[in-house]
Amino acid sequence: VDVALPLGYAQTWISTFHSFCERILRNEASQIGLNPDFKLLTEAESVLLLKQNIYNLKLDYFRPRGNPEKFLDGLVSHFSRLQDEDITPKQYLAFAQKISKSSDTKDEKFDSKQVFELAKAYIEYQEIKEKNSFMDFADLISNTLELFRKRPNILKNYKDKFKHILVDEFQDTNIAQYELIKLLSPPAKNTSLTITGDDSQSVYKFRGAAVSNILNFIDDYSSAKMIVLDQNYRSQ
């Protein structure tokens, strides 16, 4: 990218998705009622935050008496995966209420009760972070999506700013990250968007990467030109 650009061109953003969103939120988070001076939590700090607030989450099944901290790691991973798939706390609660109404058997009612408990904990966990001006890595993407969706004028500013967008290792993006790309570079508009990726080597599926992104890209951006790289330079 540096070689391709005119000499002295210094306004290019080259970053990960998370650092890109953090940079935006440091400037714009107040537009959606969040503190731009937020502290970014590591995964270990997120688990510790849940531990400190475990009795505020109104947990039953997921806080067993004999080992109340048993599911904390799993809860953090679950909430993060929901954000990776662009599922908000309100959407998850609506889903929990829907399956609760349709549950008939004893097992179905037990399962729906667990989902409902998770949905309420998801809401409470987000409220705890907001109250304390904390964000985790998944929040960086989801809060930027919220910002762009609620503040179209701010989205327009960034769409005008980024005339050309290049996304590398596209097969490792998750659903929320792809939604961010589509907001900044809408499929229906004439845009300069380039992605590179290999649908046979998605290595971050365990982190929420959605290989469907690269498979659906041509359908979403029907005018895109596909260039197949079939010569291996790396191993020569």
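That block above? That's the structure.
Residues numbered from 1 in each chain as written. Predicted model: local features only at pLDDT ≥ 70, side-chain atom pairs only at ≥ 80, totals over all residues. Heavy atoms only, no water.

Residues and numbers for helix α1 (residues 17–28), please.
Across its 12 residues, α1 extends 16 Å between first and last C-alpha, which sits within 8% of the 16 Å expected from 1.5 Å per residue. Buried within α1 we find F17, F20, C21, I24, L25 and E28. Projected down its long axis, α1 carries its buried residues within an arc of 125°, all on one side. (Helix = DSSP H or I, 4+ residues; strand = E, 2+ residues; numbered from the N terminus. Expected span 1.5 Å × (residues − 1). Buried < 20%, exposed > 50% of the residue type's maximum accessible area, 1.4 Å probe, protein only. Arc of directions from axis to C-beta.)

Please set out the pattern of salt bridges residue by residue, giving values where relevant.
Taken as a whole, this structure holds 12 salt bridges when the rule is applied. With its nearest N and O atoms 3.6 Å apart, the salt bridge here joins K58 to E124. One end of the pair, K58, is in the loop between α2 (43–52) and α3 (72–84); the other, E124, is in helix α5 (residues 106–131), with 66 residues separating them in the sequence. Beyond isolated ion pairs, a larger network of salt bridges with shared partners links D86, R149, E179 and K182. (Salt bridge = Lys/Arg side-chain N within 4 Å of Asp/Glu carboxyl O.)

Any details on the nonpolar core? Residues and values, ideally.
Grouped burial of nonpolar side chains is what soluble globular proteins tend to show. Of all hydrophobic cores here, the largest spans 33 residues; its most connected members are F20, F148, Y158, L180, I181 and L184. Not counting residues up to four positions away in its chain, the partners in contact with F148 are I24, I154, L155, Y158, L180, L183 and L184. Counting 23 residues, the second-largest nonpolar core is a separate cluster that includes L41, L57, L59 and Y125. (Core = buried A, V, L, I, M, F, W, Y, C linked by side-chain atoms within 4.5 Å. Contact = heavy atoms within 4.5 Å.)

Outline the environment of L166, supporting the account with residue identities and numerical values.
Considering the arrangement of structural elements, one finds L166 in strand β3 (residues 164–167). In the structure, L166 is positioned 152 residues away from I14 in sequence and 9.3 Å away in space, judged by C-alpha atoms. Excluding anything up to four places from it in sequence, L166 contacts V1, T194 and T196.

Can you tell me about the layout of surface pockets, naming the residues and giving the values?
Approximately 1200 Å³ is the volume attributed to the second largest pocket. Together, 33 residues line the second largest pocket, and I195, T196, G197, I227 and L229 are the ones closest to its centre. When its residues are assigned to classes, the lining of the second largest pocket shows 14 nonpolar, 11 polar and 8 charged. (1 Å grid on protein atoms, 1.4 Å probe; cavity = no way out; pocket = protein on both sides within 12 Å on 5 of 7 lines; lining within 4 Å. Points joined across faces, edges and corners; volume = space filled by probe spheres on them. Nonpolar A, V, L, I, M, F, W, Y, C, P; charged D, E, K, R; others polar.)

Explain the side chain of S112 to me, and be specific about the residues and the numbers.
By the element assignment, S112 lies in helix α5. Polar contacts involving the side chain of S112 include one to the main-chain carbonyl oxygen of K109, which spans 2.9 Å. In this view, S112 contacts I99, S100 and S103; residues no more than four positions away in its chain are not counted. (Polar contact = N/O pair within 3.5 Å; in protein donor to acceptor, adjacent residues only side chain to side chain.)

Before we move on, could you go through a negative patch on the surface and cite the residues and values that matter?
Taken together, the side chains of D104, D107, E108 and D111 present a region of like negative charge at the surface. Under the relative-accessibility criterion, D111 is labelled partly exposed at 44%. (Patch = residues over 30% accessible without salt bridge, like charges linked within 9 Å, V, L, I, M, F, W, Y side chains within 5 Å. Areas by Shrake-Rupley, 256 points an atom, 1.4 Å probe, with all protein chains shown as cover. Lys, Arg positive; Asp, Glu negative; His and termini not counted. Charge placed at Lys NZ, Arg CZ, Asp CG, Glu CD.)

Explain α2 to me, using residue names and the numbers behind them.
The α-helix winds at 3.6 residues per turn, so residues separated by three or four positions along the chain end up facing the same way. By the burial criterion, the buried members of α2 are S46, V47, L49 and L50. When α2 is viewed along its axis, its buried side chains cluster within an angular range of 155° and face the same direction. Opposite the buried face of α2, by more than 90 degrees, sit the exposed residues A44 and Q52. Packed against the buried residues of α2 are α3, α5 and β2 (134–135).

Pulling in residues and values, what's your account of the packing of α1 against helix α8 (residues 175–184)?
It is at 11 Å that the axes of α1 and α8 come closest, and there the two elements cross at 55°. The angle between α1 and α8 places the two elements in the oblique class. Seen from above, α1 lies across α8 with left-handed handedness. Packed against α1, whose contacting residues are F17, H18, F20 and C21, the element α8 presents Q177, L180, I181 and L184 at the interface. The class makeup of the residues in the contact of α1 with α8 is 6 nonpolar, 2 polar and no charged. (Axes fitted to C-alpha atoms, helices over the stretch in contact; angles between N-to-C directions. Parallel < 35°, antiparallel > 145°, perpendicular 65-115°, else oblique. Left-handed = near helix turned anticlockwise from the far one by under 90°.)

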